[in-house]
Amino acid sequence: NLLCIRSGYYRTMFGIGMKERDAAEVTVPHADLATFTALVDYLFADELDLGEEEGGRVQRALALRQLAQMYQVPRLELLCAQALQESVAPATAVPLLEAAHTLGDGRLLAQCRRYVAD
């Protein structure tokens, strides 16, 4: 199963006999459909698609990064972090600064601080 290969979380869930292994459905908490779909698309295609709309890209990258962290997909987490760093701009610097603080992302925090200070 591709989910088990690409995600440590699902490898554990489906590999050690948890109740979800035999369930017809698995509940996915803390995720909206679009973000979870983006996660599954990444797992299948190994490509990150955050959409076209700039504001939407930032929100999708933030949400997807949190899912990647929760579902133990480190490469996706890194790609989302890079996308967020590339998204620092006048309209996004302060919200990203707040998100970086919440996430404990030192690199993004430093980049936002530099951007705001300049």
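Residue numbers run consecutively from 1 along every chain, following the written order of its sequence. Local features are withheld for residues below a pLDDT of 70 in this predicted model, meaning they are given only at 70 or higher, and side-chain atom pairs are given and counted only at 80 or more; totals for whole chains, interfaces and linings count all residues. Only heavy atoms go into the side-chain values, all of them from the structure, while hydrogens and water stay out.

Colleague: Please provide a residue-by-residue account of the nonpolar core, values included.
Modeller: Residues belong to a common nonpolar core when they are buried Ala, Val, Leu, Ile, Met, Phe, Trp, Tyr or Cys residues joined through side-chain atoms within 4.5 Å. The cut-offs for exposure are 20% and 50% of the maximum accessible area for each residue type, with area from a 1.4 Å probe on protein chains only; residues under the lower value are buried, those over the upper are exposed, and the others partly exposed. Residues Leu-39, Leu-64, Val-73, Leu-76, Leu-84, Leu-96 and Leu-108 are the most contacted members of the largest nonpolar core, which totals 26 residues. For this core, the secondary-structure elements that each account for two or more residues are α3 (33–45), α4 (54–70), α5 (74–86), α6 (93–103) and α7 (106–117). Every helix listed is a DSSP run of H or I at least four residues long, and every strand listed is a run of E at least two residues long, numbered separately from the N terminus. It is α4 that contributes the most residues to this core, six residues altogether. Contacts are assigned to residue pairs that have any heavy atoms within 4.5 Å of one another. Residue contacts for Leu-39: discarding those within four places in its chain leaves Leu-64, Leu-67, Tyr-71, Val-73 and Leu-76.

Colleague: I'd love a proper account of the environment of Tyr-42, names of residues and values included.
Modeller: Secondary-structure assignment places Tyr-42 in helix α3. Residue classification places Tyr-42 among the buried positions, given a relative accessible area of 1%. Sequence separation between Tyr-42 and Arg-6 is 36 residues, and the spatial gap between their C-alpha atoms is 9.7 Å. Here Tyr-42 is in contact with Arg-6, Glu-47, Leu-48, Val-73, Arg-75, Leu-76 and Leu-79, once residues within four sequence places are set aside.

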